[in-house]
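# Examination of the molecular architecture
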Amino acid sequence: WKSIDSIIYKLGKGELAVFTAITGGGKSVALQNLTVNWAMQNYNVVYFTLELSEELVAKRLDSMITDIPNISIFRQIDKVEILIRQKERHYGAIQVKYMKSGTNTNELRAYLKEYQIQHNRKPDMIIVDYIDLMAPNSKRIDQTNLFAKDKLVAEELRSLGMEMDMIVATAAQLNRSGYEELNPTAANVAGGISKMNTA
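In this report, the structure presented in the accompanying data block is examined. (Residues numbered from 1 in each chain as written. Predicted model: local features only at pLDDT ≥ 70, side-chain atom pairs only at ≥ 80, totals over all residues. Heavy atoms only, no water.)

## Details of helix α6 (residues 146-163)
- Over its 18 residues, α6 runs 25 Å from end to end, which matches the ideal 26 Å to within 8%, given 1.5 Å per residue.
- Among the residues of α6, those classed as buried are K149, D150, V153, A154, E156, L157, L160 and G161. Within α6, the buried residues cover an arc of 160 degrees as seen down the axis, which keeps them to one side.
- Contacts from the buried residues of α6 go to β1 (16-21), α5 (105-119), β4 (125-129), β5 (167-173) and α8 (194-198). (Helix = DSSP H or I, 4+ residues; strand = E, 2+ residues; numbered from the N terminus. Expected span 1.5 Å × (residues − 1). Buried < 20%, exposed > 50% of the residue type's maximum accessible area, 1.4 Å probe, protein only. Arc of directions from axis to C-beta. Contact = heavy atoms within 4.5 Å.)

## As for the pattern of salt bridges
- By the definition in use, this model includes seven salt bridges.
- A salt bridge links K100 to E107, with the shortest nitrogen-to-oxygen separation between them at 3.3 Å.
- Take E107: its relative accessible area is 28%, and that puts it in the partly exposed class.
- One salt bridge in this structure joins K151 and E155, with 2.6 Å as the shortest N-O distance. Residue K151 and its partner E155 are both found in helix α6; the two are separated by four residues, about one turn of the helix. (Salt bridge = Lys/Arg side-chain N within 4 Å of Asp/Glu carboxyl O.)

## Focus: the sheet that holds β5
- With parallel pairing, five strands are arranged side by side in an open sheet as β1-β5-β4-β2-β3. In this open sheet, the two strands that pair with only one neighbour each are β1 and β3 (94-98). Strand-to-strand twist across the sheet, computed as the mean angle between neighbouring axes with direction ignored, equals 15 degrees.
- Sheet topology places β1 next to β5; six bridges connect them, and they run parallel. The partner of L16 across the bridge, within β5, is V168. (Pairing = 2+ DSSP bridges. Axes fitted to C-alpha atoms, helices over the stretch in contact; angles between N-to-C directions.)

In structure tokens form, the structure reads like this:
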């Protein structure tokens, strides 16, 4: 996806990128494509999934890496394994980790530190699929105030990227008004513009 890739490749460490779309609009697929593209550039990527299972995400990634259709992955599992092993020598590492809805940035940080110790490598990029399912670190914030919640979560995610010197990419839902827009703007993002301003 060259037009998007050319923009994403210009991101610097410590930056936050947010993809937006309606429900079923391809946010997770875009993030998974980004994961594969980053790995192909020899970057180590941790993909946090707060919605989809690790197995589904891994199956999609395997399909993208091997060019074997998603529905054929299990029927051709031996071929998939051979192709993945051949390519992983030239790719950065991809780690898929399921985290429950309501996970906060401190929980992501704890996992990333554990990842560094276990694998003796630092992730270059993290994907969070997706920001709307995260909670702020502070339990004292009013969770019904979406503007404040989203602002805090976005700031905490960006700070995590800065602290650990990595790029962070995530996705956000469009609100109901965004479904009707031909060219949605930041004002059409669920929870308001606060997370978009941070990104």
